[in-house]
Amino acid sequence: MATITHDDSGTFTINERRAAFTQAYDEEQAWRSQVVAQAMAEYNSTGKMTNFFKSVLGHFNALPQLEQAQYPANYASDLEDKIKLDFNYFNHAAGNGGPTPGSLADMQKNQDKKGLDLFDLLIR
């Protein structure tokens, strides 16, 4: 579809090009909605976004060269670095390491001892 959308040769009518653009846009939006929902589920259950970054990288690699060229030059390598890091945003640590001091998980653990919940912690 990107080939049709960007074809200025006159082979395709403006309506055909617009239809190709609309179809590609709709497919991209559907993919984004799905991957963001999966990312939120991953984050809420594990504190990580590693599978999200893998999905984004796979999607990027499947794009035509014409569309990949619109992204920053280091886009794929940045995603690969994030995948390798396997960062846990709850623990504020890479991989499966325990909570680092001051991390959300550490603060929640310490607050749980005082009988406070996460909401109490966040409003402070």
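Please read these numbers as outputs of a predicted model, since none were measured by experiment.

1. Brief notes about the overall build of the protein
Thought 1: Within the protein, the regular secondary structure consists of seven helices and two strands.
Thought 2: When the elements of the protein are put in sequence order from the N terminus, they spell out α-α-α-α-α-β-β-α-α.
Thought 3: Looking at the protein residue by residue over its 124 residues, the buried ones come to 27%.
Thought 4: Summarising the internal contacts of the protein: among those between residues at least 6 apart in sequence, 35% fall at separations of at least 24.
Thought 5: Summed over its atoms, the accessible surface of the protein is roughly 8400 Å², and 56% of this surface lies on carbon and sulfur atoms.

2. Considering the packing of helix α2 (residues 14–46) against helix α3 (residues 50–62)
Between two packed helices, the angle of one axis relative to the other and the distance separating the axes together describe the packing.
Thought 1: Two elements in contact, α2 and α3, have axes whose closest approach is 8 Å; the angle formed by their N-to-C orientations is 160°. Taken together, the axes of α2 and α3 are roughly antiparallel relative to one another. Packed against α2, whose contacting residues are E28, W31, V35, A39 and E42, the element α3 presents T50, N51, F52, S55, V56 and H59 at the interface.

3. Things to note about the nonpolar core
Thought 1: Within the largest apolar cluster, twelve residues are counted, these being V35, A39, M49, F52, F53, V56, L57, F60, L63, A76, L79 and I83.
Thought 2: Among the secondary structure elements, those contributing two or more residues to this core are α2, α3 and α5 (75–85).
Thought 3: Ranked by residues supplied to this core, first place goes to α3 with five residues.
Thought 4: Excluding its chain neighbours within four sequence positions, the residues that come into contact with F60 are Q68, Y71, Y75 and A76.

4. Regarding α3
Thought 1: In a regular helix each residue adds 1.5 Å, so 13 residues correspond to 18 Å; α3 covers 19 Å between its end C-alpha atoms and thus fits that length.
Thought 2: For α3, every residue scored as buried is listed here: T50, F52, F53, V56, L57, H59 and F60.
Thought 3: Looking at the buried positions of α3, the neighbouring elements they touch are α2, α4 (65–68), α5 and β1 (87–88).

5. Focus on the packing of α3 against α5
Thought 1: As a packed pair, α3 and α5 sit with axes 9 Å apart at the nearest point and diverge in direction by 155°. The orientation of α3 relative to α5 falls into the category roughly antiparallel. Two packed elements cross with a definite hand, and for α3 against α5 that hand is left-handed. On the side of α3, the interface is formed by T50, F53, K54, V56, L57 and F60, while α5 contributes Y75, A76, L79, E80, K82 and I83.
Thought 2: By residue class, the composition of the contact of α3 with α5 is eight nonpolar, one polar and three charged.

6. Observations regarding the confidence of the model for the protein
Thought 1: Considering every residue of the protein, the mean pLDDT works out to 85; 79% of them sit at 70 or more.
Thought 2: Within the protein, the lowest mean pLDDT, 59, falls on helix α7 (residues 118–122), and the highest, 97, falls on α3.

Parameters at a glance
- Residues numbered from 1 in each chain as written.
- Predicted model: local features only at pLDDT ≥ 70, side-chain atom pairs only at ≥ 80, totals over all residues.
- Heavy atoms only, no water.
- Helix = DSSP H or I, 4+ residues; strand = E, 2+ residues; numbered from the N terminus.
- Buried < 20%, exposed > 50% of the residue type's maximum accessible area, 1.4 Å probe, protein only.
- Contact = heavy atoms within 4.5 Å.
- Areas by Shrake-Rupley, 256 points an atom, 1.4 Å probe, with all protein chains shown as cover.
- Axes fitted to C-alpha atoms, helices over the stretch in contact; angles between N-to-C directions.
- Parallel < 35°, antiparallel > 145°, perpendicular 65-115°, else oblique.
- Core = buried A, V, L, I, M, F, W, Y, C linked by side-chain atoms within 4.5 Å.
- Expected span 1.5 Å × (residues − 1).
- Left-handed = near helix turned anticlockwise from the far one by under 90°.
- Nonpolar A, V, L, I, M, F, W, Y, C, P; charged D, E, K, R; others polar.
- pLDDT = per-residue confidence, 0-100.

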